[in-house]
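Each chain, written out:
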Amino acid sequence: MRLPLTALAAALVCATILAGPARAADPIKIGVSGPYTGGSSSMGVSMRDGVRLAVQEINQKGGVLGRQLQIVERDDEAKNEVGAQVAQELINKEKVVATLGFINTGVALAAQRFYQEAEIPVINNVATGTVITNQFNPPDYDANYVFRTSAYDVLQAGMMADEAIARGFKKIAILADSTNYGQLGREDLEKYLKAKGVTPVAVEKFNIKDVDMTPQLLKSQAAGADVILAYGIGPELGQIANGMAKLGWKVPMITSWPASMQSFIDIAGQNGNGVTMPQTFIEDKTLPRRKAFLENYYATFKVSKIPTPVAGAQGYDSVFLLAAAIKQAGSTDGAKIRAALEDLKEKVEGVVTTYDKPFTKTDHNAITRNMVVFGKVQDGRIVYAKEEDAKNAGVVRLKEKASN
């Protein structure tokens, strides 16, 4: 049966009206890449769950640009080759407009080049290798699509070295794992100490999954080390603490941030007490924003603490920064989102800090040294290592004008 022209026109108008809002309401797809299994999983799961909470909050308030956020989660297994495969899938198949995540420096370096080539922004919210945000800097590249909300390694290495020197230690031993993360961190430590006129008495390497650190510890002890600076992740850092206890060797241990991982606490037990590390976030409810985040996290995931608090908080904040950039850009175009991140107009209240101009065209690191405190392991939790930091827990630390 042939419809009259007026009826056909009306039908077409109706179809257009119905189709229009459906297209406009298509979700904004965001990749979330991290290790949700294996030795790094407590970092990956905490980050992912922080992202989930933030997305839920934003979607309950109407989303961004009138569209819901949809996260596409992929387990990179902390393996460089898997991370590269995941990146290509998220870009080519899932058509994400941006990706959050990367826990491991090696995975980030292997995977983020695909986002750079596709002009899709990446916010590294846990990986700390200094080179990560410098990999695609001008003038070699027209624009850099890689950002970060974690405390990068030069910053952490400086804090660790300064802490050891300030406490009067003269003979420093460095222990670092054999991954890109550990060896790049070791290089940062050695460079910083050299600038301070300090030469380590021992520099030792260990592998992921090593459970006996006796050889490295004996060499450090024989060299007369009075403090250990360790660069690695939770499981192996835990074995260092246990190895020291086994030898009856009691010297302070200052580590990179992953000694706050639940795996370190579980493996080291009481041997971990007193170990200190740089932290951007400690489970403290002084500020209303942090209190709400923590209580929501505990209730949603049925836990009494976050497995890796830093990863959870930084993952959570990265979503709000990305959402603010998409909103400001008025678009999901990668180049426009990148430009907005480099010049965010509105302040973004997170749980690590309130972000005020967190990035510029030449600085893609949101965290500066003044934002980072020392945490300490105490009976299964991470607490403030310094009394002044505990007293100032309610103070929001804004980004310094120039990155360290």
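Now for a quick tour of the structure.

## Some points on the pattern of salt bridges
1) Next: By the definition in use, this model includes 23 salt bridges.
2) Next: Linking Arg 48 and Asp 49 is a salt bridge whose minimum nitrogen-to-oxygen distance equals 3.2 Å. With respect to burial, Arg 48 and Asp 49 carry one shared label: buried.
3) Next: For Glu 342, the salt bridge goes to Arg 338, with nearest N and O atoms at 3.0 Å.
4) Next: Given the relative accessible area of 11%, Glu 342 is considered buried.
5) Next: Among the charged side chains, a salt-bridge network with shared partners connects Lys 29, Arg 74, Glu 89 and Glu 94.

## Quick word on the pairing of strand β10 (residues 276–279)
1) Next: Side chains of β10 alternate between two faces, with Thr 276 and Pro 278 and Met 277 and Gln 279 buried alike.
2) Next: Both β10 and strand β13 (residues 373–378) contribute to a ladder of four bridges, which runs antiparallel. From the neighbouring strand, Pro 278 faces β13, where its bridge partner is Phe 374.

## Some remarks on the packing of aromatic side chains
1) Next: Scanning all chains against the criterion turns up nine aromatic pairs.
2) Next: Consider the rings of Phe 293 and Tyr 316, whose centres lie 4.6 Å apart with planes at 45 degrees: the pair is tilted. Separated by 23 residues along the polypeptide, Phe 293 in helix α10 (residues 288–301) and Tyr 316 in helix α11 (residues 309–329) bring together distant segments of the chain. As far as burial versus exposure is concerned, Phe 293 and Tyr 316 are alike and both buried.
3) Next: Here Arg 48 stacks its cationic end above the ring of Tyr 36, 5.1 Å away from the centre of that ring.
4) Next: The lysine or arginine in question, Arg 338, covers the ring of Tyr 145, its NZ or CZ lying 5.2 Å from the ring centre.

Conventions and cut-offs
- Residues numbered from 1 in each chain as written.
- Predicted model: local features only at pLDDT ≥ 70, side-chain atom pairs only at ≥ 80, totals over all residues.
- Heavy atoms only, no water.
- Salt bridge = Lys/Arg side-chain N within 4 Å of Asp/Glu carboxyl O.
- Buried < 20%, exposed > 50% of the residue type's maximum accessible area, 1.4 Å probe, protein only.
- Helix = DSSP H or I, 4+ residues; strand = E, 2+ residues; numbered from the N terminus.
- Pairing = 2+ DSSP bridges.
- Phe/Tyr/Trp six-rings, centres within 6.5 Å; stacked < 30°, edge-to-face > 60°.
- Lys NZ or Arg CZ within 6 Å of the ring centre and 35° of its normal.

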